[in-house]
2 protein chains.
Amino acid sequence: MTAPPHDARRGTSGAPLPDTQRGMRRRNLSRVMHAVAAHGPLSRAAVATRIGLTRAAVSTLVDELIRSGLLDELGPERPGKVGRPGSALAVSRSGPAGIGAEVGVDHLSVCAVDLRGEVRARAVRQGDNRGRAPEPVLKELIALVRQVSSEARLAGLRPAGLAVAVPGLVARGTGTVVRAPNLDWNDVDLSALLPDRLPLTVDNEANFGALAELWLGDEVPQDFLHVSAEIGIGAALVVDGRLLRGTRGFAGELGHVPVWPDGPACPCGGRGCLEQYAGEEAVLRAAGLDPGADRVGLLAERAAQADEHVRRALHGAGAALGIALTGAVNLLDPRSVVLGGALSRLAPWLLPSLEVELGRRTAGTGCDVAASGLGSDGPLLGAAHSVVRAVLDDPAGAAA
Amino acid sequence: MTAPPHDARRGTSGAPLPDTQRGMRRRNLSRVMHAVAAHGPLSRAAVATRIGLTRAAVSTLVDELIRSGLLDELGPERPGKVGRPGSALAVSRSGPAGIGAEVGVDHLSVCAVDLRGEVRARAVRQGDNRGRAPEPVLKELIALVRQVSSEARLAGLRPAGLAVAVPGLVARGTGTVVRAPNLDWNDVDLSALLPDRLPLTVDNEANFGALAELWLGDEVPQDFLHVSAEIGIGAALVVDGRLLRGTRGFAGELGHVPVWPDGPACPCGGRGCLEQYAGEEAVLRAAGLDPGADRVGLLAERAAQADEHVRRALHGAGAALGIALTGAVNLLDPRSVVLGGALSRLAPWLLPSLEVELGRRTAGTGCDVAASGLGSDGPLLGAAHSVVRAVLDDPAGAAA
């Protein structure tokens with residue numbers, strides 16, 4: 001797990017902790033947790049070196065974290081090392097857990113992740129959710145959350161929060177899905193429809209996918225644009241290790257960046273938006289295929305079989321992506337672009353034309369494009385890990 | 001002067017101050033300076049209320065700031081107020097000053113701004129700098145900086161730093177102009193060519209223009225996209241009151257967002273970039289006018305006279321801007337778009353077609369567009385104020 005340098009003064013929410021003695025203590029507790037989570041098992045002395053506090057100060061902090069059940073003492077380290085043997089510390093396997101959930105267009109999934117980042121329980125339900133009312137969909141989701149939560153509790157974990165990824169725009173800092181065109185949900189307040197036993201976070205799937213990439217990806221930079229697709233195309237920008245959400249939480253709507261401004265009308269009201277060229281349905285149409293259950297799987301399979309229609313459709317989608325990304329790269333100057341979710345599976349056939357367009361249009365200032373290693377699990381993992389990160393960011397709050 | 005809520009933990013550079021007792025003291029000194037700068041004159045008691053510290057703590061901080069010459073005591077407040085009369089505090093008129101400079105395509109300008117934000121000295125030299133080598137241009141700039149600095153010193157000020165705005169890409173955190181196409185400068189290290197008596201900052205003119213808007217504009221939100229133009233078109237994004245610079249410092253290249261991807265070739269290597277439709281030279285060409293000395297003035301004058309060719313050219317430029325901004329608004333979700341610099345003078349004729357394109361392409365998620373009140377002074381003022389802000393952000397460092 002890559003450990004990005006962490007600004008302990010801000011939690012995942014971006015809200016600064018108070019700048020007082022007590023606030024400083026809470027931030028230092030967080031520094032200890034992050035050091036052990038990223039580099040553990042560690043002795044107290046190693047923690048002190050990593051975070052630049054005295055060993056005495058670290059010992060007091062560590063004792064508090066052990067009492068709260070967030071850190072475990074693994075017993076004396078093996079002999080042979082220099083100095084008095086210290087007891088190695090590790091993040092607890094039986095403390096708080098993050099429950100992540102994803103409302104997909106054709107699936108629901110839920111998982112529980114412990115403080116070490118391990119998935120400890122998981123449940124999935126396949127089925128088309130397009131056009132279904134929110135209530136029955138969320139009823140099924142609640143059943144999956146209960147199942148995963150009780151599995152987690154049996155394993156000695158304590159669910160600390162629920163984070164839900166949705167394929168649509170979420171009003172910043174609320175539980176309201178403003179618009180999820182492919183579910184046909186508008187202004188649905190999930191906080192009113194989900195049980196309030198757990199603290200709830202709701203966010204766009206592209207945002208959680210980008211966070212998963214940041215937290216779990218291999219050698220991921222702190223500045224990148226994460227592009228994902230299910231039926232629509234979304235993106236999320238990570239700057240200095242933090243999501244850029246936009247004023248209302250609507251940032252990252254790459255799917256509606258104009259590519260050919262006089263092109264086909266888009267349901268958004270625009271013309272020639274990227275989704276009209278690189279969205280799943282547009283690609284299936286261009287390839288002469290019927291939208292079925294596993295649309296991306298079908299495209300990947302046919303492309304691998306060298307189906308000329310499918311390859312040509314994906315070539316065109318890649319070129320449109322390259323033009324839209326030229327605008328994004330010019331505006332944002334990310335270190336890299338990561339194709340996540342469904343796009344990662346289609347990357348071999350999208351990348352060549354994408355890179356040609358992006359390369360020739362951003363000569364000298366371009367940036368690397370790569371496929372994510374997390375595949376379609378990104379948003380679900382990002383959701384569960386966001387709860388875990390909130391505990392690491394403010395362990396005193398989690399223990400309370 | 002609008003006072004944005006200030007995160008005293010980060011300086012203008014974004015670098016957090018150390019999280020120690022001493023760091024806390026430095027941050028609290030900064031809080032006092034910002035409170036007095038934004039709302040002064042204030043009594044010690046009023047400062048204490050504003051920043052949430054005890055009156056005793058504030059008094060100690062204020063005494064230090066008075067000793068350092070950063071705050072002035074104005075004498076007892078007028079009687080009639082409740083309680084013991086306190087002495088009102090104001091930011092010093094004779095402390096450190098920020099020296100701002102602008103290398104424009106057809107001018108050089110320099111000014112000195114005191115801690116209260118007042119311009120206390122100013123010098124301008126008109127003249128075409130296109131194609132001139134950096135050395136003679138910077139020699140002239142140095143002469144202007146010396147003239148303005150000695151005027152400032154005669155007025156009792158102490159120049160604390162020099163910030164230079166340039167019409168090109170600046171490598172983040174360096175003094176190197178990577179590319180300024182309209183000057184024809186490539187990889188010019190200004191820190192090697194300017195005298196090192198003052199701490200130097202170099203940045204893109206759009207970035208300084210956006211900061212000026214943030215610091216000096218009327219009712220400016222903390223999240224906006226600032227679009228400016230001289231010959232090229234640049235933009236700068238402010239998020240939560242801070243500039244989004246991009247990985248290499250190249251963010252905001254709105255001028256090279258593709259508008260019609262099969263359009264005319266652009267010197268950047270791309271095709272159909274925004275500058276090919278809305279850059280000054282493209283508009284002059286579309287209007288059938290020769291590029292002269294005061295190109296924007298000429299366009300504004302002819303448009304005001306209802307010249308049909310000019311109005312049609314500006315209508316087309318506005319539409320292209322609207323298409324490029326559709327992409328930017330979809331990606332960034334800013335609260336508003338501000339047209340600054342030359343664009344603010346042409347706004348009356350650009351805005352109608354711009355708003356039609358942006359409005360119909362971002363139905364329901366669009367954002368306001370307005371012209372800046374600062375006009376073409378923005379970058380110069382932003383540069384000078386950036387030095388002043390650095391003093392307010394870390395007064396202990398400035399006094400040292």
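- An unreviewed UniProt entry annotates chain A as ROK family transcriptional regulator originating from Streptomyces rectiviolaceus.
- In the Sequence similarities (unreviewed entry) part of its UniProt record, chain A is described as follows: "Belongs to the ROK (NagC/XylR) family."

**Description of the interface of chain B and chain A**
- Counting from both sides, the interface comprises 56 residues of chain B and, opposite them, 56 residues of chain A.
- Regarding the contact of chain B and chain A, the summed buried area is about 4500 Å², with carbon and sulfur atoms giving 48% of it.
- A salt bridge links Asp333 of chain A to Arg248 of chain B, with the nearest nitrogen and oxygen atoms 2.6 Å apart.
- In this assembly, chain B and chain A are joined by 24 residue pairs in polar contact (both at pLDDT 80 or more).
- Those elements giving two or more residues to the side of chain B that touches chain A turn out to be helix H1 (21–39), strand S12 (233–239), helix H10 (308–332) and helix H11 (342–361) of chain B.

**Examining the relation of the copies chain B and chain A**
- Superposing chain B onto chain A requires a rotation of 180° together with a translation of 0.0 Å along the rotation axis, leaving an RMSD of 0.0 Å. Within this description, the copies of the chain are treated as partners about a two-fold rotation axis. Considering only C-alpha atoms, the part of chain B nearest the rotation axis is Trp260 of chain B, at 3.1 Å.
- The share of interface residues of chain B whose copies in chain A are also at the interface is 100%, consistent with both copies meeting through the same surface.

**Regarding the pattern of salt bridges**
- If you walk through the whole model with that rule in mind, you get 38 salt bridges over all chains.
- One salt bridge connects Arg130 of chain B with Asp128 of chain B, and the closest N-O pair in it is separated by 3.4 Å.
- By sharing partners, the salt bridges in this structure join Arg44, Asp63 and Glu73 of chain A into a single network.

**Let's talk about empty space enclosed by the protein**
- Within the structure shown, the criterion is met by 12 cavities of 30 Å³ or more.
- Lining the largest cavity are 14 residues; nearest its centre among them are Arg179 and Glu253 of chain A together with Asn330, Thr362 and Thr365 of chain B.
- Looking at side-chain class alone, the lining of the largest cavity contains five nonpolar, four polar and five charged residues.

**A closer look at helix H11 (residues 342–361) of chain A**
All names here are of chain A.
- In the structure, H11 departs most strongly from a straight axis at Pro348, where the bend amounts to approximately 70°.
- Every buried residue of H11 is listed here: Ala342, Leu343, Ser344, Leu346, Ala347, Leu350, Leu351, Ser353, Leu354, Glu357, Leu358 and Arg361.
- Check the buried side of H11 and you find it contacts strand S11 (224–229), helix H8 (280–286), helix H9 (295–304), helix H10 (308–332), strand S14 (336–339) and strand S15 (368–371).

**Topic: the sheet that holds strand S7 (residues 169–170) of chain A**
All names here are of chain A.
- Spatially, the three strands line up as an open sheet ordered S7-S8-S9, and their pairing is antiparallel. With partners counted over all chains shown, the strands left at the sheet margins are S7 and strand S9 (185–189), one partner each.
- When S7 meets strand S8 (residues 176–180), the two strands line up antiparallel, connected through two bridges. Looking at S8, one finds that Val170 is bridged to Val177.

**Comments concerning the confidence of the model for chain A**
- Per-residue pLDDT for chain A has a mean of 88; in total, 91% of the residues score no lower than 70.
- Counted against residues more than four places away or in other chains, residues 1–18 of chain A, with its pLDDT under 50, gives 53 contacts.

**As for the pairing of strand S5 (residues 119–126) of chain A**
- Alignment of strand S4 (residues 107–114) of chain A against S5 of chain A, held across seven bridges, turns out to be antiparallel. Bridge pairing links Val110 of chain A to Ala123 of chain A in S5 of chain A.

**With respect to the domain arrangement of chain A**
Residue and element names in this part refer to chain A.
- We note that the domain assignment places domain 1 (21–91), domain 2 (96–210 + 379–399) and domain 3 (218–373) within chain A.
- Distance between the C-alpha centres of domain 1 and domain 2: 31 Å.
- At the junction of the two partners, domain 1 supplies 12 residues and domain 2 supplies 11 residues.
- Between domain 1 and domain 2 the total buried area reaches about 1000 Å² when both faces are included, carbon and sulfur atoms providing 65% of it.
- A per-residue breakdown of the area domain 1 buries against domain 2 is headed by His34, Leu70 and Val91, which together make up 47% of the total.
- Along the contact surface separating domain 1 from domain 2 lie one salt bridge.
- In this structure, the salt-bridge partner of Arg26 is Asp394, at a minimum N-O distance of 2.5 Å.
- Looking at the side of domain 1 that touches domain 2 element by element, the count peaks at six residues for helix H1 (residues 21–39).

**Quick look at the packing of helix H6 (residues 205–216) of chain A against helix H12 (residues 378–393) of chain A**
Residue and element names in this part refer to chain A.
- Running from N to C, H6 and H12 point in directions that differ by 70°, and their axes come no closer than 7 Å. Comparing their axes, H12 and H6 come out roughly perpendicular. Here H6 runs over H12; the crossing is left-handed. Residue-level inspection shows Glu205, Phe208, Gly209, Ala212, Trp215 and Leu216 of H6 in contact with H12, the latter providing Gly378, Pro379, Leu381, Gly382, Ala383, His385, Ser386 and Arg389.
- Its residues assigned to classes, the contact of H6 with H12 shows seven nonpolar, five polar and two charged.

**Some points on the side chain of Glu213 of chain B**
All names here are of chain B.
- Inspection of the secondary structure puts Glu213 in helix H6 (residues 205–216).
- One buried charged residue, Glu213, forms no salt bridge at all, with the nearest opposite charge on Arg335 at 14 Å.
- If we ignore the near neighbours within four places in the chain, the residues touching Glu213 are Val220, Phe224, His226, Val338, Ser372, Gly373 and Leu374.

**Here's the deal with the nonpolar core**
- With 92 residues, the main nonpolar core has Val227 and Leu254 of chain A together with Val227 and Leu254 of chain B as its most contacted residues.
- Apart from the residues within four sequence positions on either side, Val227 of chain A is in contact with Ile233, Gly234, Ala235, Leu254, Leu321, Leu325, Val337, Val338, Leu339, Gly340 and Leu343 of chain A.
- In terms of nonpolar packing, the next biggest core, distinct from the first, is built from 31 residues, Ile99, Leu108, Ala112 and Leu183 of chain A among them.

**Here we look at the sheet that holds strand S13 (residues 242–244) of chain A**
Residue and element names in this part refer to chain A.
- The mixed open sheet is built from five strands, whose spatial order is S13-S12-S11-S14-S15. Strands at the two margins of the open sheet, each flanked by one partner only, are S13 and S15. On average, each strand axis in the sheet is inclined to that of its neighbour by 30°, with strand direction left out of account.
- As defined by bridge partners, S11 adjoins S14 across four bridges and the pair is classed as parallel. Of the residues in S14, the one forming a bridge with Phe224 is Ser336.
- Its contacts with the sheet place H10 against S11, strand S12 (233–239) and S14, and it is angled at close to 150° to S11.
- This element, H11, spans S11, S14 and S15 of the sheet and lies at about 160° to S15.

Definitions and limits used
Residues numbered from 1 in each chain as written. Chains lettered and ligands numbered in written order. Predicted model: local features only at pLDDT ≥ 70, side-chain atom pairs only at ≥ 80, totals over all residues. Heavy atoms only, no water. UniProt positions renumbered as here; feature names shortened; annotations may be inferred. Contact = heavy atoms within 4.5 Å. Buried area = accessible area lost by both parts, 1.4 Å probe. Salt bridge = Lys/Arg side-chain N within 4 Å of Asp/Glu carboxyl O. Polar contact = N/O pair within 3.5 Å; in protein donor to acceptor, adjacent residues only side chain to side chain. Helix = DSSP H or I, 4+ residues; strand = E, 2+ residues; numbered from the N terminus. Least-squares fit on C-alpha atoms with pLDDT ≥ 70 in both. 1 Å grid on protein atoms, 1.4 Å probe; cavity = no way out; pocket = protein on both sides within 12 Å on 5 of 7 lines; lining within 4 Å. Points joined across faces, edges and corners; volume = space filled by probe spheres on them. Nonpolar A, V, L, I, M, F, W, Y, C, P; charged D, E, K, R; others polar. Bend = angle between axes of the 7 residues up to and from the residue. Buried < 20%, exposed > 50% of the residue type's maximum accessible area, 1.4 Å probe, protein only. Pairing = 2+ DSSP bridges. pLDDT = per-residue confidence, 0-100. Domains from an automatic or database assignment. Axes fitted to C-alpha atoms, helices over the stretch in contact; angles between N-to-C directions. Parallel < 35°, antiparallel > 145°, perpendicular 65-115°, else oblique. Left-handed = near helix turned anticlockwise from the far one by under 90°. Lys, Arg positive; Asp, Glu negative; His and termini not counted. Core = buried A, V, L, I, M, F, W, Y, C linked by side-chain atoms within 4.5 Å.

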